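Chains, contacts and geometry: an overview
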Amino acid sequence: MKTGIVLEGGAIRTIFSSGVCDALLTGDIMTDYVIGVSAGIAYGVSYVSKQIRRNLDIMVNYVNDKRYMGMGNLLRRNNRAYFGLKFVYDTIPNQLIPFDYDTFNAFPGQVEAAVTNLNTGKAEYLPVDGDDKSFTILQATCALPFLFPIFHIDGKPYMDGGAADAIPFGRAFDQGCDRLIVVLTRERDFRRQPEKLQPLIDRAYRKYPKFCDTMRRRAETYNAAREQLFQLEREGKVLLFAPHNTQGFSRTERDVAKIRALWQDGYDEGLARLDEVRAFLAGE
């Protein structure tokens, strides 16, 4: 039986997922397959490297550091992203809060990140390369429209994986997973609304009409995927985690107390359900 974990994105809200993953690590639970979108997989690599609380430490220490995020980064010609790309994807993992590349590379399973191909408007799933010390794939999957540049990998333009496949559980099943843990970053009753910035997206990304179409359908696609996910949960095919309350929590949240609380929500629920998780993954 092949097990997997699927991690939704959501920028800083994804600290909830880190809490869940840290609880799983505390219980010595590791799946065979890991896939995520945006910050879901950017934080999720610390689950694979078995570094409990690493993402929380990063948030507590650097979320209010201008080098981490802020408009100044977006305006810098050599950065062009709201987040400081070199600081977040190089300085932190390679100097300040070191990433355990050896443990990550020793993981015997698959680790994938969902990205959206701007030419096709469709999701693609790229392996996260533990030898890439600048985490190019993670930068691409996190590349929100307007807040990041376009990333070109093997000649293809990519941005935020959440545009085309926000919760890639279908990919996990396609890769042979029999049992899936899925960690959401919004409450169970959340429904995405149509994109308010669609006219600006149509203008800014007019070179990529299929990507614009994907963004136009994003809310409908996302809400339908969640309904399918809840049905799979009722059928016993997935085990879901979702935060209890993200109201007032920004995707670029700077309040460390709020960040700690959302991480704790995920950690506490993860700990409380460890036996349930073990039984589920064992097919019991």
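Residues numbered from 1 in each chain as written. Predicted model: local features only at pLDDT ≥ 70, side-chain atom pairs only at ≥ 80, totals over all residues. Heavy atoms only, no water.

Among the nonpolar cores identified, the biggest contains 78 residues, and Ile5, Met59, Tyr68 and Phe148 are the most heavily contacted of them. Residues in contact with Ile5, not counting those within four places in the same chain, are Cys21, Leu24, Thr31, Tyr33, Val34, Ile35, Tyr47, Leu180, Ile181 and Val183. Among the nonpolar cores identified, the runner-up in size contains 19 residues, and Val182, Leu229, Leu232 and Leu240 belong to it. (Core = buried A, V, L, I, M, F, W, Y, C linked by side-chain atoms within 4.5 Å. Buried < 20%, exposed > 50% of the residue type's maximum accessible area, 1.4 Å probe, protein only. Contact = heavy atoms within 4.5 Å.)

Looking now at the environment of Ile29. Mapped onto the elements of the fold, Ile29 is located in the loop between helix H1 (15–26) and strand S2 (33–37). Owing to a relative accessible area of 7%, Ile29 belongs among the buried residues under this scheme. C-alpha of Ile29 to C-alpha of Leu281: the two residues are 252 residues apart in sequence and 9.4 Å apart in space. Residues within four places of Ile29 in sequence aside, it is in contact with Leu24, Tyr47, Leu274, Val277, Arg278 and Leu281. (Helix = DSSP H or I, 4+ residues; strand = E, 2+ residues; numbered from the N terminus.)

Once that is clear, we can look at the packing of H1 against helix H12 (residues 256–272). Two elements in contact, H1 and H12, have axes whose closest approach is 7 Å; the angle formed by their N-to-C orientations is 40°. The way H1 lies across H12 gives a crossing that is right-handed. Here H1 contributes Ile15, Phe16, Ser18, Gly19, Val20, Asp22, Ala23 and Thr26 to the contact with H12, which in turn contributes Ile259, Leu262, Trp263, Asp265, Gly266, Tyr267, Glu269, Gly270 and Leu271. In the contact of H1 with H12, the residues fall into nine nonpolar, five polar and three charged. (Axes fitted to C-alpha atoms, helices over the stretch in contact; angles between N-to-C directions. Left-handed = near helix turned anticlockwise from the far one by under 90°. Nonpolar A, V, L, I, M, F, W, Y, C, P; charged D, E, K, R; others polar.)

A word on the pairing of strand S1 (residues 3–7). For S1, a buried count of five out of five residues is recorded, marking the element as mostly surrounded by other parts of the structure. Across the two faces of S1 the burial is the same, with Thr3, Ile5 and Leu7 and Gly4 and Val6 all buried. The pairing of S1 with strand S7 (residues 179–183) spans five bridges and is parallel. Its bridge partner lying in S7, Ile5 is registered against Ile181. Relative to S2, S1 runs parallel, the two sharing four bridges. Bridge assignment links Ile5 to a residue of S2, and that residue is Val34. (Pairing = 2+ DSSP bridges.)

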